[in-house]
Every structure is written in C-alpha cells, then in structure tokens.
Amino acid sequence: MFKILKYSFYDLMRSKWSYFYFLFYLLLGFLLLFLNNDVSKGIITLLNIVVVLVPLIGTIFGIMYFYNAREFTTLLLAQPIKRSHIFLGQFLGVGGSLTLCLVLGLGIPFVLYGLLRSGAIWDFSLLLVVGACLTLIFTALAFNVALGNTNRIKGFGYAVLLWLFLAIVYDGLFLLSLLIFEEYPLDTYALIGSMANPIDLSRILILLKLDISVLLGYTGAVFKSFFGTSKGLIIALIILVLWIVIPVRLMVWQGNKKDF
Amino acid sequence: MIQISNLHKSFKKNHVLKGIDLDIDKGGIYAILGPNGSGKTTMIKSILGMIVPSEGQLKVDGEDIAKKFAYRQKLNYLPQIADFPGNIKVSELIRMIIDLREQTADHEPLLDTFGLRLYLDQKLSTLSGGSAQKVNLVLTFMFDNPIYILDEPTTGLDPNALIRFKELLKRERDKGKTILITTHIMSFVEEVADEIIYLLEGRIGFKGSLDALLELHKAEDIEHAIAQMAKTMVDV
C-alpha cells in the first residue's frame, strides 16, 4: 500500500495543479492577514472559506485523479497487489498531498505573521485539522462516485452536485424544515441534522472552539447546550472522523467488487 | 496450471460468459480465438482477477483465486491496448513495475531486442502505438514466471518486431511456459499455436490441436475452419 501511496504522491507532486492549489492558499492567507491585520480575525474569515472551498477542491481533485489514473489502476490490478491496497494507497496519496498543500499554504503566512507568539495557535491548528478531515472526507466521497460511474462526465457532474448539496442546498433545506416544524421540539432533530453534514459539523466545531456564540446559529447553540463546549468539541471531532472512515470503507467495498 | 469450471459473467443484462469449463494442465502456446464480443478478454481478465465472476470457480496451480492476489506473482499479463499512465517515462515505468512486483527482472536484453533504448527517456504519451506495444512486451516478458497471458500482442508491431516477438514466444515455450494468447490473426496462430481454444457467444466451441480442428471441418486452412465452425455453431 505504501508503494502505491508513494507513486500517487510523486505523481501529484509533479502535477501543476498541486502547486496551483498551494499558491492559492498561500495567497489567500497573506491577503486575509493583510486585510484583517490580526491573526484571530483572520481565522474567522478563513473558517468560512475553508469549510466551503476545501470540500470543493477535495471533490474535484479526487474525481479528476481517479479518472486520470484509470490506466495506472488497471496496470496495478494485474500485479500481485491486494485490491484494497490499490485504492487506499491512491486515496491517501491524493488526500495527503492536498492536506500538505493546505497546511503549508495557510501555515506559512500565519507563521510569518506571528501566529506562534499569539494565543490563536490552537484555534488555527484546529482549523487545519478540520481542513484535513474535510479534504479526506470529500476525496473519499469523490472516489466513491468515480467507482460507481464509468462515464467521466456523469461522475464529475454527480460529484460536483454532491458538493453543492452539502455545501449550500443542505443548509437551506434544513433551515426550511426547522421553520416548518417550529412548533415541535427540534433539539434532537437539529443535532442529528448537523451531524449528517460534515460541512455543518466542521463549522460548528471551529465556532465552539473559538467560543463565538453570535456566529453559532441555532444548530450550534443546540450543540453547545446539549454537550457543553469541550464535550461538544470531542463528539464533533469523533463524528468527523467517522465521516472519513465510513466513505473509505465503502470505497474499499466498491473497489473489491468492481470489474475492470 | 489453470482450471476454470462453470464460469459465468454478466454485465448487467449482458450475459457474456455462459459456463466456461477449461483445463490447461501443461505448458505450450494456447491461442484463444473467437469473434468480437465472444468473451475472450472477459475470460482472461477473470483469470487475472480483474473481473469478478458471477458464478463458477477459477484455480491457478490448484489454488482457488477468488479474493486472492499473491497468485498473480506467477502471471505475466499483457493488456490489450497499451493502457499506460501517459505522464511517466519508459524507464520510470519499468522501474516502477519491478519495484511493485518485487521480483527480479531481466529487461536489458529485451530493450535491445525491440530497439527501445532510444525511447527510455520519453514519456509514454509521446510514443507511437507500435512503440508503446513494444514497451508493453518488455514489461510482460522481463519477469521469468510460469504463466503468460497476452491480449492481442501483435497489435501495431512492425514486421521486424513481429519476427522478434515470435522468436521470444517460441523460446519461452521451449522453457515449458504456459502462454495464453488472444488474437485475430490466423497466420500468426498457424505459426505459433500448439492448441486452439475457440470461444463463441460465451461458450467454448472447440479445444484441441490445429490438426484436429482442420480434420474436424475438413478445411485446408485455419481461416476456413474457423469460419465453418462459427457457421455450424450458430446453425445449431
């Protein structure tokens, strides 16, 4: 598995898209700090960008890589290598290089701006952890979509729709349902609803850590009152990890029964 | 070596293999023939584990291969079209496959045989179809394993390379290797094949030597015998 990871990683490190992604974050980091002129404020602005853009980039990169590596995958399948290792290796290669771009791209400007001497270091670290989780989640989801669709155009379309749904449409529908059923007790429903979407969950997770009640919104407030800040943080993080594990298992299962 | 019993494979509603029984127990060159869509590639990909059978059992060296992968150490496979990642160099691809298989490889003489030394630093996407097929051959024949599975190996080869390839095949056969080849070129079959396996609509229509095939259909050459066979089998 590590050999496959190594080759996928090398392959991506040679692609100009990885550098594009890295430079994009580098620029974003510097720009935000330049505009806010404050590390803590920069993190809040960054949060809103990270929870929407990181999933999009994970989705697009994941689906593009999988389809582009199709020849490589068929070549590997004829070798004495376990099937699950092929897909896990490729997944970790993509997820790993994207995470590296994210951490370095955002890390460099913040460190240069005096992050290490400020109190925001843990908030920032958590933001990067959440960013890494979102990258892995959406790469795994994209791999699943790609495994289920041989047609590239369809696969690409479904993957982007999935991102659109989780990043934008879901919130609207969720809010609408809360409004319609406002006469009923909705605490548990709101709790489950926010856990069922990794993007919402990530937003709540960071806001809990930053302890900014104004920005928490209804679901976040429920989360906080239900679990309290520190327990809420841990539970949100565990569910976020489950959001990685389940799609990855599904990916391995799909890969094992697919014909090439 | 290879035992296939009651192998079925359907792709959604398309029933491609309809009960294949095949026993290959000794070395030699086996030509797998049949019209387009008769299931040749599906059958060899099943042996490789790239396609998961709907029903039936496959054994390599007496071991059931379902969900296994280590048995592929004994198999060298040449895919149909040169299906390679385009953005790496020829030399890198060779090194990578050796690294992944963890077997000793002897690719140097093969590079000379097919005149590929000049291309080592080129990316695979820039190679012509014939050159890519030569790279394909090097990757397949550089490992010394008992079973070779070749899917249309002659595609795109120039006459010179074809002669070298046939010599290579005969040399490997004389070492006692089992070689499965799918092809549509009958003159090639006549020249190299020891046994013929004929597939039609997902079933095995004939298995035996070339002489037995000619005898059976009272034909003077293999092309006519095959045409005759396709006709009679459809009539039945």
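Visitor: Even after reading the chapter, I still don't get the packing of aromatic side chains, so can you show me in this structure?
Guide: Working definition: an aromatic ring pair is given by the centre-to-centre distance plus the angle between the planes. Per the stated rule, a full pass over the model turns up 17 aromatic pairs over all chains. Ring centres of Tyr21(A) and Tyr25(A) lie 5.0 Å apart, and the angle between their planes is 80°; this geometry places the pair in the edge-to-face category. Here the residue Tyr21(A) and the residue Tyr25(A) both occupy positions in helix α2 (residues 16–36), the gap between them amounting to four residues, near one helical turn. Overall, the relative accessible area of 2% leaves Tyr21(A) in the buried class. Aromatic side chains Phe141(B) and Tyr148(B) sit 4.9 Å apart centroid to centroid with 20° between the ring planes, which places their arrangement in the stacked category.

Visitor: For this particular structure, what's the right way to read the interface of chain A and chain B?
Guide: The figure often quoted for interface size is the accessible area lost as the parts come together. Across the contact, 22 residues belong to chain A and 26 residues belong to chain B. A buried area of about 2,200 Å², summed over both sides, lies between chain A and chain B, and 57% of it is on carbon and sulfur atoms. Three residues, Leu75(A), Pro80(A) and Asp259(A), lead the burial of chain A against chain B; their summed loss comes to 26% of the area buried on that side. For the pair chain A and chain B, the interface holds four salt bridges. Across the chain A-chain B interface, the total number found is 14 residue pairs in polar contact (both at pLDDT 80 or more).

Visitor: Any chance you could explain the nonpolar core here in plain terms?
Guide: As a rule of thumb, nonpolar side chains are buried together in soluble globular proteins. Residue and element names in this part refer to chain B. With 153 residues, the main nonpolar core has Leu 93 and Leu 169 as its most contacted residues. When near neighbours in sequence (up to four residues on either side) are disregarded, Leu 169 contacts Ile 29, Phe 141, Leu 150, Ile 179, Ile 181, Phe 188 and Val 192. Ranked by size, the runner-up nonpolar core spans 17 residues in total, among them Ala 31, Ala 193, Leu 200 and Met 229.

Visitor: Hey, could you run me through helix α1 (residues 2–13) of chain A in this one?
Guide: Each full turn of the α-helix corresponds to 3.6 residues, which orients residues three or four apart in the same direction. The end-to-end C-alpha distance of α1(A), which contains 12 residues, comes to 16 Å, matching closely the 16 Å that a straight helix rising 1.5 Å per residue would cover. Summarising the contacts, the buried residues of α1(A) are in contact with α2, α3 (39–68), α4 (70–77) and α5 (83–112) of chain A together with α2 (90–101) of chain B.

Analysis parameters
Residues numbered from 1 in each chain as written. Chains lettered and ligands numbered in written order. Predicted model: local features only at pLDDT ≥ 70, side-chain atom pairs only at ≥ 80, totals over all residues. Heavy atoms only, no water. Phe/Tyr/Trp six-rings, centres within 6.5 Å; stacked < 30°, edge-to-face > 60°. Helix = DSSP H or I, 4+ residues; strand = E, 2+ residues; numbered from the N terminus. Buried < 20%, exposed > 50% of the residue type's maximum accessible area, 1.4 Å probe, protein only. Contact = heavy atoms within 4.5 Å. Buried area = accessible area lost by both parts, 1.4 Å probe. Salt bridge = Lys/Arg side-chain N within 4 Å of Asp/Glu carboxyl O. Polar contact = N/O pair within 3.5 Å; in protein donor to acceptor, adjacent residues only side chain to side chain. Core = buried A, V, L, I, M, F, W, Y, C linked by side-chain atoms within 4.5 Å. Expected span 1.5 Å × (residues − 1).

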